[in-house]
Amino acid sequence: TAETTLTDIVVQVGRTGVLTPKALLNPVRVAGSTVSQATLHNEDYIASRGIRIGDRVLVRKAGDIIPEVIGPLPDKRNGSEREFSMPAVCPSCGEPVTREEGEAAVRCGNASCPAQLERTLTHFASRDAMDIETFSEKTAELFHDELGVRDPADLFSLEHGRLILLPGMGDKKANNLLAAVEKSKTRPLDAFLFALGVPGVGRKTARDVARRFGTLDKIREADETALAEIPDVGDVIAQNIVEFFRDGEQIASIERMLAAGVNPAPVETAAGGV
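These figures come from a predicted structure and were not determined experimentally.

## A word on the overall build of the protein chain
Part 1 of the argument: Broken down by element type, the protein chain carries eleven helices and seven strands.
Part 2 of the argument: Per-residue burial for the protein chain yields a buried fraction of 42% across its 274 residues.
Part 3 of the argument: Contacts spanning at least 24 positions in sequence make up 54% of the contacts within the protein chain whose residues lie at least 6 apart.
Part 4 of the argument: Entry remark: accessible area of the protein chain is about 14300 Å², with carbon and sulfur atoms responsible for 47%.
Part 5 of the argument: The average position of the 32 basic charges and that of the 41 acidic charges among the side chains of the protein chain differ by 6 Å.

In structure tokens, the structure reads:
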């Protein structure tokens with residue numbers, strides 16, 4: 001652990017619309033690296049620990065990876081500290097946010113929220129997903145703002161002529177990006193399933209489902225009973241998967257990807273697979 005000052009709390013919007021508070025810190029060395037930001041999880045976490053903006057706080061790396069604020073040092077307050085409250089509207093799109101009874105998460109329900117769309121693109125292109133090299137959060141923001149990219153399927157219709165006109169892109173970067181997009185078309189099925197962002201389907205679950213069914217078509221045809229039989233999937237995630245592949249917008253997006261040449265590599269099915 002290390003001690004530093006929490007200078008501010010900003011709110012980020014994730015790809016599922018969840019608002020997450022993040023601490024901005026005076027840079028401090030923690031477990032071998034310099035930390036200037038840390039997770040605060042949710043507003044209940046902040047309230048239960050009495051964390052205020054301006055506090056001296058203790059910071060650690062959860063699991064030796066993700067920096068988090070453990071709590072404040074109230075004895076070191078000088079009276080200038082301020083309490084934090086979650087915003088009533090989304091900091092990205094300005095739409096009202098909601099919090100369901102019994103849940104810790106505050107959500108933006110606007111499906112067209114720029115932050116959600118950009119995070120969706122970033123997740124889709126990430127290493128464990130489609131592994132589109134050179135693609136970053138800044139790329140997602142640039143494509144959203146300048147090219148009108150709203151759907152991961154849009155990435156497969158990018159044109160060199162438009163890319164080179166983007167700020168900081170240039171010929172070489174455009175070529176590298178297009179090559180990475182082309183290479184991603186044959187990513188393994190489990191990586192593609194993870195990239196789609198089905199609620200509750202992490203990397204391991206995507207791998208288990210892909211090994212159970214082997215091909216994208218069989219996953220799309222699977223019912224809740226068959227999906228729930230997979231260890232660690234259960235009824236809720238099984239329902240999420242079925243509903244995802246019945247959603248009109250998701251169907252259209254996937255069909256556009258397949259038409260553009262995306263062909264997820266089948267995986268060997270586990271014993272007892274379809």
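## Describing the pairing of strand β4 (residues 56–62)
One face of the sheet, then the other: side chains in a regular strand alternate in exactly this way.
Part 1 of the argument: Examined bridge by bridge, strand β1 (residues 2–13) and β4 share four bridges and lie antiparallel to one another. Along β4, the bridge assignment pairs E3 with L58.
Part 2 of the argument: Of the pairings in the sheet, the one linking β4 to strand β5 (residues 66–72) comprises six bridges and is antiparallel in character. Residue pairing in the sheet places K61 in a bridge with P67 of β5.

## Topic: a negative patch on the surface
Part 1 of the argument: A cluster of acidic residues, E137, E141, D145 and E146, forms a negative patch at the surface.
Part 2 of the argument: For E141, the position within the fold is in helix α3 (residues 137–147).
Part 3 of the argument: According to the relative accessible area criterion, E141 is partly exposed, its value standing at 40%.

## A closer look at the pattern of salt bridges
Part 1 of the argument: One pass over the structure, following the stated rule, counts 15 salt bridges.
Part 2 of the argument: D154 is the partner of R256 in a salt bridge, and the nearest nitrogen-oxygen pair spans 2.6 Å. Of this pair, R256 sits in helix α11 (residues 248–259) while D154 sits in the loop between α3 and α4 (160–163); the two residues are 102 residues apart in sequence, bridging distant segments of the chain.
Part 3 of the argument: Residue R207 pairs with D190 through a salt bridge whose shortest N-O separation is 3.9 Å. Placement of the pair is R207 in helix α7 (residues 203–213) and D190 in helix α6 (residues 189–195), with a sequence separation of 17 residues.
Part 4 of the argument: A residue is classified by how much of its surface remains accessible, and D190, at 9% relative accessible area, is buried.
Part 5 of the argument: Among the charged side chains, a network of salt bridges with common partners joins E3, R56 and K76.

## Quick look at the nonpolar core
Part 1 of the argument: Core analysis: the biggest nonpolar cluster contains 51 residues, and I132, F135, F143, L163, V209, L227 and F245 have the highest contact counts within it.
Part 2 of the argument: Leaving out residues up to four positions away in the same chain, L163 has contacts with F143, L147, L158, M169, A174, L177 and L178.
Part 3 of the argument: One finds V28, Y45, V69 and V106 within the second-largest nonpolar core, a separate group that totals 28 residues.

## Observations regarding the packing of aromatic side chains
Part 1 of the argument: Applying the stated rule across the entire model yields three aromatic pairs.
Part 2 of the argument: Judged by centre distance (6.1 Å) and plane angle (85°), the ring pair of F124 and F156 falls under edge-to-face. One end of the pair, F124, is in helix α2 (residues 114–125); the other, F156, is in the loop between α3 and α4, and 32 residues separate them in sequence.
Part 3 of the argument: With a centroid separation of 5.3 Å and 85° between ring planes, the pair formed by F244 and F245 is classed as edge-to-face. With respect to burial, F244 and F245 carry one shared label: buried.
Part 4 of the argument: Between R212 and the ring centre of F213, over which it is positioned, the NZ or CZ distance is 5.1 Å.

## Looking at helix α5 (residues 170–184)
Part 1 of the argument: The terminal C-alpha atoms of α5 lie 21 Å apart, and with 15 residues this matches the ideal 21 Å at 1.5 Å per residue to within 8%.
Part 2 of the argument: Looking at α5, one finds that the buried residues are A174, L177, A180, V181 and S184. The buried side chains of α5 occupy one side of the element, clustering within an arc of 130° when seen end-on. Exposed positions of α5 whose direction lies more than 90 degrees from the buried face are K172 and K183.
Part 3 of the argument: The inward-facing, buried residues of α5 abut α3 and α4.

Cut-offs applied
- Just so you know, the residues in each chain are numbered from 1, in the order the chain's sequence is written.
- For a predicted model such as this one, the threshold for reporting local features is a pLDDT of at least 70, and the threshold for listing and counting side-chain atom pairs is 80 or more; totals across whole chains, interfaces and linings nevertheless cover every residue.
- With hydrogens and water stripped out, all remaining heavy atoms of the structure feed into the side-chain values.
- Put simply, DSSP marks the helices as runs of H or I at least four residues long and the strands as runs of E at least two long, and each gets a number from the N terminus on.
- Three exposure classes are used, based on accessible area relative to the maximum for each residue type with a 1.4 Å probe and protein chains only: buried under 20%, partly exposed in between, and exposed over 50%.
- The contact criterion used is simple: two residues touch if any of their non-hydrogen atoms lie within 4.5 Å.
- In short, Shrake-Rupley with a 1.4 Å probe defines the accessible areas, and a residue's cover is counted only from the protein chains shown.
- We treat Lys and Arg as the positive residues and Asp and Glu as the negative residues; His and chain ends play no part in the count.
- Throughout, a charge is located at the NZ atom of Lys, the CZ atom of Arg, the CG atom of Asp or the CD atom of Glu.
- For two strands to be treated as a pair, DSSP must find at least two bridges joining them.
- A patch consists of residues exposed above 30% relative accessible area that lack any salt bridge, with like charges linked at up to 9 Å and nonpolar side chains (Val, Leu, Ile, Met, Phe, Trp, Tyr) linked at up to 5 Å.
- By convention in these notes, a salt bridge is any Lys or Arg side-chain nitrogen within 4 Å of a carboxyl oxygen on Asp or Glu.
- By convention a nonpolar core is built from buried Ala, Val, Leu, Ile, Met, Phe, Trp, Tyr and Cys residues, the set being connected through side-chain atoms within 4.5 Å.
- Within 6.5 Å between ring centres, the rings of Phe, Tyr and Trp (the latter by its six-membered ring) count as paired, and their orientation is classed by plane angle as stacked under 30 degrees, edge-to-face over 60, tilted in between.
- Each ring is checked for a lysine NZ or an arginine CZ that lies within 6 Å of its centre and within 35 degrees of its normal; such an atom marks a charge sitting over the ring.
- One less than the residue count of a helix, multiplied by 1.5 Å, gives the span that helix is expected to have.
- Each C-beta atom gives one direction from the helix axis, and the arc is the one those directions make.

Function cannot be inferred from these measures alone, as they are strictly geometric.
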